[in-house]
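Observations on the three-dimensional arrangement
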Amino acid sequence: MNNWLTRDGMDIGGSLDGRVACEKTALPGGETVYTFDFSWDPQEAAGQDDPCLSIQWYEPCLNILGAWHPLCEADRGPRVEWIGPLVSKTAFSAPVVSYYDDRDVNTFTVALSELEKEVRMDFGVHEENGTLRCWITVPLLPFGPVSSYTLRLYIDRRPLPFRKALDGVRRWWEDTCGVQPAPVPAEGRDALYSTWYSYHQGVTAENVEAECARAAELGFKMVIVDDGWQTDDNHRGYAYCGDWEPSEKKFPDMAAHVARVHALGMKYMLWYSVPFVGCHSRAWERFQDKMLRLQEGGRVGVLDPRYPEVREYLKNTYVRALKEWDLDGFKLDFVDNFSLSGWAEQKPGMDFLCVQEALDHMMKDILASLRAIKPDILIEFRQGYIGPNMRQYGNLFRVGDCPNSFVRNRVGMADLRLLGGGSAVHSDMLMWHRDESVVNSAIQIENVLFATLQLSVLLEGLSAEHREMLRFWLGFMDRHRHLLLEGDFLPESPSFLYPVIRGEENDETVVARYSSQASVSVDAGRFRRVTVVNATKTEAVLLRFTGSRKYAVTLLDCCGREVSRETVVAGDHTPCLLTIPQGGLAVLEG
């Protein structure tokens, strides 16, 4: 790398010769922003295999317990420098990394203003001297024959809760980088039923309507009809995608079918695998020379959004479906497949060079066209493509597929909430074996208590006790929406995968305990009403009070049935051991 400038210990340059100007700004809150104005010879860049811009510095590894990035999943430790970079772009992740100490306090948080094109954040422990090597790379191939570029680097070293540092990044993106998140209708936070795990591609108008009737009776208010509505083939895969017309055998009259589901009091969303065109579709012949790549052994193509014909086709597909079938929303899947490695060759008929730039243009156009017809349209995206740009095109963000995984669903939900702002965060669809205990099923729901619930359990044949449990928790989540989804969100101990999560607003709090080893702290001086959810199989729950208050305690089992009542006198710094049923809860009122 050629070093063009050194500033504050940062080596700034690139793989080619060029110039850079650097401006340092202190924000009112205490963060620092560096603005880099790069310029270079585009002919020199065109002659390199991987031309790039670069910023590199070393940060002392001091008081760091864990590291967080948007897709870190269970790996919360600082990375090593030789493991490779974190990549972000419109269709994948987000450009932010946060380090914190053993009290969940921010040590060092870094974010970038480049939200569209690919950036690489190669942050890792440098073993020789115990520092973090911080290396940011911006590949220039997607830029084409341009000669200048501006990048802003946001650094927050303030000792505040790491969740607040991440929320500061989210606000900086919105206030400074032009991000305007799509509005979320109230329905976007209503529990919904999904057909994917329960039916896979075996959906029909008849079984969807029957299942929706059962779901509505339990308290669900929306359905997502997933893959299978557009094909008679039930062998999975995407070789029959692309035309997006209902199967005549399964859905002979889609508009009438949607109307019947609406009559049950449920909203209706429909699944589309956005980039895929299969070899068995009519669209294959039309678009086979407008693909980014082929997959599934050449049977499925990934559309190239740099062609205006591709973008118009996809937009018109959704507009037609909305108009003809009166849908309420779309589950737009596999958007992260819109990516290209290496040289982004511009071919005849393209009007963009960069895939991510074309995707940004397409998604904005799609949302604007749909909102012109139905302003409260719902658009769901899946974990992976969850960055700030995606929040401009969609309003529902779901945890990535993790069937029957309590922990992954909880962790994914919490990670989405930390950058989500006002966007609605949804769980992955819950599913369980028909013989699963009602306690375990309730605990699975409790693990996603602070997200909007998606369920994909076959309701036909569900036991009476499971129905009672579902009805209770759906009602609980609806009644406490202001605390669970709209109040202050406080996930504790990210390195231990959030064993305690709480929602707070004014003098009320809901606290969920996900580890039998975790105690629950309660500010009795502040909270008049405290709900402690025991999402474990251990009934002894240790409460640690600050402040004083006398509480009347009601203990409920996992189905919401009252077990007992007692009185607790909370004393300042006095522990209290409550026996809360497995998967149950204690309601403290004082």
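For the structure given in this document, a descriptive report is provided here.

Description of helix α5 (residues 254-263)
- The set of residues buried in α5 consists of Met 254, His 257, Val 258 and Val 261. Within α5, the buried residues cover an arc of 95 degrees as seen down the axis, which keeps them to one side.
- Of the surrounding elements, those touching the buried residues of α5 are α4 (205-218), β14 (222-225), β15 (267-273) and α7 (308-325).
- Positioned one or two residues after α5, Gly 265 has a phi angle of 90 degrees, which is positive.

Here we look at the packing of helix α11 (residues 438-446) against helix α12 (residues 464-479)
- Orientation of α11 relative to α12, taken along the N-to-C sense of each, is 20 degrees, at an axis distance of 10 Å. In terms of orientation, α11 and α12 fall into the roughly parallel class. As α11 runs across α12, the sense of the crossing is right-handed. Residues Val 438, Ser 441, Ala 442, Ile 445 and Glu 446 of α11 form the contact with α12, whose participating residues are Glu 465, His 466, Met 469, Leu 470, Trp 473 and Met 477.
- Looking at the contact of α11 with α12 residue by residue, the class counts come to 7 nonpolar, 2 polar and 2 charged.

Quick word on the sheet that holds strand β12 (residues 148-156)
- With antiparallel pairing, 6 strands are arranged side by side in an open sheet as β3-β4-β12-β9-β8-β6. Pairing within the sheet leaves two strands with one partner each, and these edge strands are β3 (18-26) and β6 (66-68). Each strand of the sheet is rotated relative to its neighbour by a mean of 15 degrees, with strand direction disregarded.
- Inspection of the sheet shows β6 paired to strand β8 (residues 96-100) by 3 bridges, in the antiparallel sense. Looking at β8, one finds that Gly 66 is bridged to Tyr 100.
- Most of the contacts of helix α2 (residues 162-176) go to strand β9 (residues 106-112), to which it runs at about 20 degrees, and overall it touches β4 (32-40), β6, β8, β9 and β12.

Points about the side chain of Arg 529
- Here Arg 529 shows up in strand β28 (residues 529-534).
- Side chain to side chain, Arg 529 and Glu 589 meet in a polar contact 2.5 Å long.
- Apart from the residues within four sequence positions on either side, Arg 529 is in contact with His 480, Asp 507, Glu 508, Thr 509, Val 587, Leu 588 and Glu 589.

Some points on the pairing of β12
- Pairing analysis gives 8 bridges linking β4 to β12, with the strands arranged antiparallel. Looking across to β12, one finds that Ser 39 is bridged to Ser 148.

Considerations on the nonpolar core
- Membership of the largest hydrophobic core comes to 134 residues, with the highest contact counts inside it found for Trp 173, Phe 220 and Phe 330.
- Top contributing element to this core by residue count: α7, with 8 residues.
- Look past the residues within four positions of Phe 330 in its chain and what remains in contact with it is Met 269, Leu 270, Tyr 272, Tyr 318, Ala 321, Leu 322, Leu 370, Ile 377, Leu 378, Ile 379 and Glu 380.
- In terms of nonpolar packing, the next biggest core, distinct from the first, is built from 34 residues, Ile 12, Leu 16, Ala 45 and Phe 143 among them.

Some remarks on the pairing of strand β27 (residues 520-523)
- Every second residue of β27 is oriented toward a common face, the buried set being Val 520 and Val 522 and the non-buried set Ser 521 and Asp 523.
- Here β27 pairs with strand β29 (residues 540-546) via 4 bridges, running parallel. Bridge pairing links Val 522 to Phe 545 in β29.

Focus: the sheet that holds strand β26 (residues 508-513)
- Spatial strand order, β24-β25-β26-β28-β33-β30-β31: 7 strands in an open sheet with mixed pairing. The two strands at the open ends of the sheet, each matched to only one other strand, are β24 (488-491) and β31 (562-570). Across the sheet, the mean angle from the axis of one strand to that of its neighbour is 15 degrees, orientation sign disregarded.
- Sheet analysis places strand β30 (residues 549-556) next to β31, joined by 8 bridges and oriented antiparallel. Its bridge partner lying in β31, Arg 549 is registered against Ala 570.

Analysis parameters
Residues numbered from 1 in each chain as written. Predicted model: local features only at pLDDT ≥ 70, side-chain atom pairs only at ≥ 80, totals over all residues. Heavy atoms only, no water. Buried < 20%, exposed > 50% of the residue type's maximum accessible area, 1.4 Å probe, protein only. Helix = DSSP H or I, 4+ residues; strand = E, 2+ residues; numbered from the N terminus. Arc of directions from axis to C-beta. Contact = heavy atoms within 4.5 Å. Axes fitted to C-alpha atoms, helices over the stretch in contact; angles between N-to-C directions. Parallel < 35°, antiparallel > 145°, perpendicular 65-115°, else oblique. Left-handed = near helix turned anticlockwise from the far one by under 90°. Nonpolar A, V, L, I, M, F, W, Y, C, P; charged D, E, K, R; others polar. Pairing = 2+ DSSP bridges. Polar contact = N/O pair within 3.5 Å; in protein donor to acceptor, adjacent residues only side chain to side chain. Core = buried A, V, L, I, M, F, W, Y, C linked by side-chain atoms within 4.5 Å.

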